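Per-entry structural report
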Amino acid sequence: MNQILSSWNALAGRQRMIVIGATVVVMLAVLGLTRLASAPNMTLLYAGLENDAAGDVVKALEARGVQYDVRAGAIFVPDSDRDALRLTLASEGLPANNGQGYELLDGLSGFGTTSQMFDAAYWRAKEGELARTIVSNPQIATARVHIANSSANPFQRDVTPTASISVSTTGAVLGAAQARALKFLVASAVPGLTPENVAVIDGKGGLIGAEDKIGGGVTADDRAALLRDRVQRLMEARVGTGNAVVEVSVATVTETELIRERSFDPEGRVVISTDTEERTDRAENSGGGGGVTVASNLPDGAAGGGPDSSLTSKAETRERVNYEISETTREITRQPGAIKRLTVAVLVNGTYVSAADGTQQFVPLPEVELEALRELVASAVGFDDARGDQITLRSLPFERPEGLGTGPLEPGLFTGSFDTMRLIQMGVLAVVALILGLFVLRPILSRGGTNDGVTAAGALPAPGAPAARAEPLVGEIEPEGGFDNLPALADGPDFSGMGMVDFDTPSEEDPVDRLRNLIEARKTETVEILRSWLEEDKEGAS
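My aim in this report is to walk through the structure given alongside it, one point at a time. Worth saying up front: this structure is predicted, and the values here are computed from it rather than measured.

**Some remarks on the nonpolar core**
- The biggest cluster of nonpolar side chains holds 22 residues, and the ones touching the most others in it are Val-231, Met-235, Val-344, Val-346 and Val-348.
- Counting residues per element, the ones that place at least two in this core are helix H7 (220-239), strand S8 (244-252), strand S11 (339-348), helix H8 (367-381) and strand S14 (390-395).
- For Val-346, the residues in contact, after removing those within four places along its chain, are Val-231, Met-235, Val-245, Val-246, Val-377, Thr-392, Leu-393 and Arg-394.
- Formed by 21 residues, the second largest nonpolar core is a distinct cluster that contains Leu-130, Val-145, Ile-165 and Leu-193.

Have a look at this one:
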């Protein structure tokens, strides 16, 4: 403590101000470094909220006394409290979804409400209800539904309603299966709306499901995934979990094809109509050459023609039958999505046996078992040899990484998330504190211990230098032992380069003269030493 006081007293006024300022800066730097090190790691709680919903969340955090930070409309909380806060706030209905549902209709009264106003409020309420249902999915953060329905205009006919869904996910891009589910959800809630007329837009992936054609929008990848899951369950039921790998490739038709076929069968005749015609011809001849009289015109007259007359008749029947040759007309339309070719690859693990030398040798599955598994795979995927399908089943050893199944990894020093900006700030503050300590305080303190040739340990002044205040010397002068009890003469700094007198080296000067010169040079210290001796003698005499 005395050394610190002597160093402080030896400093000039300007040096003292520098030391005070540097000390304050170092203390502030250390304080800032400590606060950064002790501050919690902030992580995102909610983002993209509207002002009302964000204000409600902030009020709830303040009521709980939770530390939070608002950055560009996003709310950040300590990483350790984020999950618990989300669950707690969700139980209170926060953040509230601004999309209102059927409660909009509660504010409509019968007076002053036209049919157009009611229809607009109704469709707005339906959009809000659909958005609420979509947001209930934990993978979807926000959702908006827009329905274009022209039912309010009675003069338009045959107008199909359409709809669009805009969503923002909490993680990955919305999948095709989820997009189809949203389409059917909205289409089922709006009369006359079909899933094909519903568009799903993801904020990260854009338009979802635009490549779907027919067949309920099932793509080749969806079919391949479905078949792969079927085969995977079959294989794992026999060889165990993790001992089978299944891959399915489905080639589908991508073009539209229309086939019209018309064929005639000459052997297949069919009677369609029958026409029958009957015809009779009759002719009469009369003989005799007598003249024509009145009597010949009478029925019973004598001149009636007599036996010379003759009568001839002819009958004819004609039938016409109409036949129609059988005709077959077929029209086949092939749409995209039909399976053109199916390829299945299955890799199964075998067994391991111990050899004579203690090593593990792989034994593949028997061919009989592989054939049975191949039949199961063919039945599961709908194998069609005429279509060119192919199934490949092999039993090969699996390469397993070291430590598989050894348990979870214990958290270490460098596990977890790091805040890069915080590390940079801590590094900068540490460097500033180090620079101030090494290059400002240390040189000033080291210079403060010596002033005008006087050392901090009470060394003798250089020749020609004025005497300065120093710590009083304590100890005893031993004629034969030298001056080992004097710090400046025993273990003090080396003053050989300053022209000091070397008491350890023999010289021609008398020791008494040297002592006299020393007492003359340091009168104050000598008086203090003598005073201390006198006080010791008095204490010893008493």
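**A short note on the pattern of salt bridges**
- All chains considered together, the criterion is met by 14 salt bridges.
- Residue Asp-69 is joined to Arg-71 by a salt bridge in which the shortest nitrogen-to-oxygen separation is 2.8 Å.
- For Arg-330, the salt bridge identified is with Glu-261, shortest N-O distance 2.4 Å. Here Arg-330, found in strand S10 (residues 310-334), pairs with Glu-261, found in strand S9 (residues 257-285); they are 69 residues apart in sequence, far enough to count as distant.
- Looking at Arg-330, the relative accessible area reads 43%, which means it is partly exposed.

**Observations concerning the sheet that holds strand S7 (residues 206-208)**
- With respect to topology, four strands assemble into an open sheet ordered S4-S5-S6-S7, the strand pairing being mixed. The open sheet has two edge strands, strand S4 (140-148) and S7, and neither has a second partner. Direction aside, the axes of adjacent strands within the sheet are offset by 25° on average.
- As paired strands, strand S6 (residues 198-202) and S7 are joined by three bridges and run antiparallel to one another. Residue pairing in the sheet places Val-200 in a bridge with Ile-208 of S7.
- Sheet contacts for helix H5 (residues 115-135): S4 and strand S5 (162-169); angle to S4, the most-contacted strand, approximately 150°.
- In this fold helix H6 (residues 176-189) packs onto S4, S5, S6 and S7, with an angle of close to 135° to the strand it touches most, S6.

**A word on the packing of aromatic side chains**
- Evaluation of the coordinates by the stated rule reveals two aromatic pairs.
- Seen from their ring centres, Tyr-122 and Trp-123 are 5.3 Å apart, and the 75° between their planes marks the pair as edge-to-face.
- Note on Trp-123: relative accessible area 16%, which makes it buried.
- Their ring planes at 65° and their centres at 5.5 Å tell us that Tyr-352 and Phe-362 sit as a pair that is edge-to-face. Remark: Phe-362 occurs in strand S13 (residues 360-363) and Tyr-352 occurs in strand S12 (residues 351-354); sequence separation between them is ten residues.

**Thoughts on the sheet that holds strand S3 (residues 74-78)**
- The three strands are arranged S1-S3-S2 in an open sheet whose pairing can be described as antiparallel. The open sheet has two edge strands, strand S1 (42-46) and strand S2 (69-71), and neither has a second partner. In this sheet, adjacent strand axes meet at a mean angle of 40° when their direction is disregarded.
- Sheet topology note: the S1/S3 ladder contains four bridges and is antiparallel.

**Quick notes on the packing of H7 against H8**
- Contact geometry of H7 with H8 gives a least axis separation of 9 Å together with a crossing angle of 150°. Put simply, H7 runs roughly antiparallel to H8. As H7 packs across H8, the resulting crossing turns out to be right-handed. Packed against H7, whose contacting residues are Leu-227, Arg-230, Val-231, Leu-234, Met-235 and Arg-238, the element H8 presents Glu-369, Leu-373, Leu-376, Val-377, Ala-380 and Val-381 at the interface.
- The class makeup of the residues in the contact of H7 with H8 is nine nonpolar, no polar and three charged.

Calculation criteria
- Residues numbered from 1 in each chain as written.
- Predicted model: local features only at pLDDT ≥ 70, side-chain atom pairs only at ≥ 80, totals over all residues.
- Heavy atoms only, no water.
- Core = buried A, V, L, I, M, F, W, Y, C linked by side-chain atoms within 4.5 Å.
- Buried < 20%, exposed > 50% of the residue type's maximum accessible area, 1.4 Å probe, protein only.
- Helix = DSSP H or I, 4+ residues; strand = E, 2+ residues; numbered from the N terminus.
- Contact = heavy atoms within 4.5 Å.
- Salt bridge = Lys/Arg side-chain N within 4 Å of Asp/Glu carboxyl O.
- Pairing = 2+ DSSP bridges.
- Axes fitted to C-alpha atoms, helices over the stretch in contact; angles between N-to-C directions.
- Phe/Tyr/Trp six-rings, centres within 6.5 Å; stacked < 30°, edge-to-face > 60°.
- Parallel < 35°, antiparallel > 145°, perpendicular 65-115°, else oblique.
- Left-handed = near helix turned anticlockwise from the far one by under 90°.
- Nonpolar A, V, L, I, M, F, W, Y, C, P; charged D, E, K, R; others polar.

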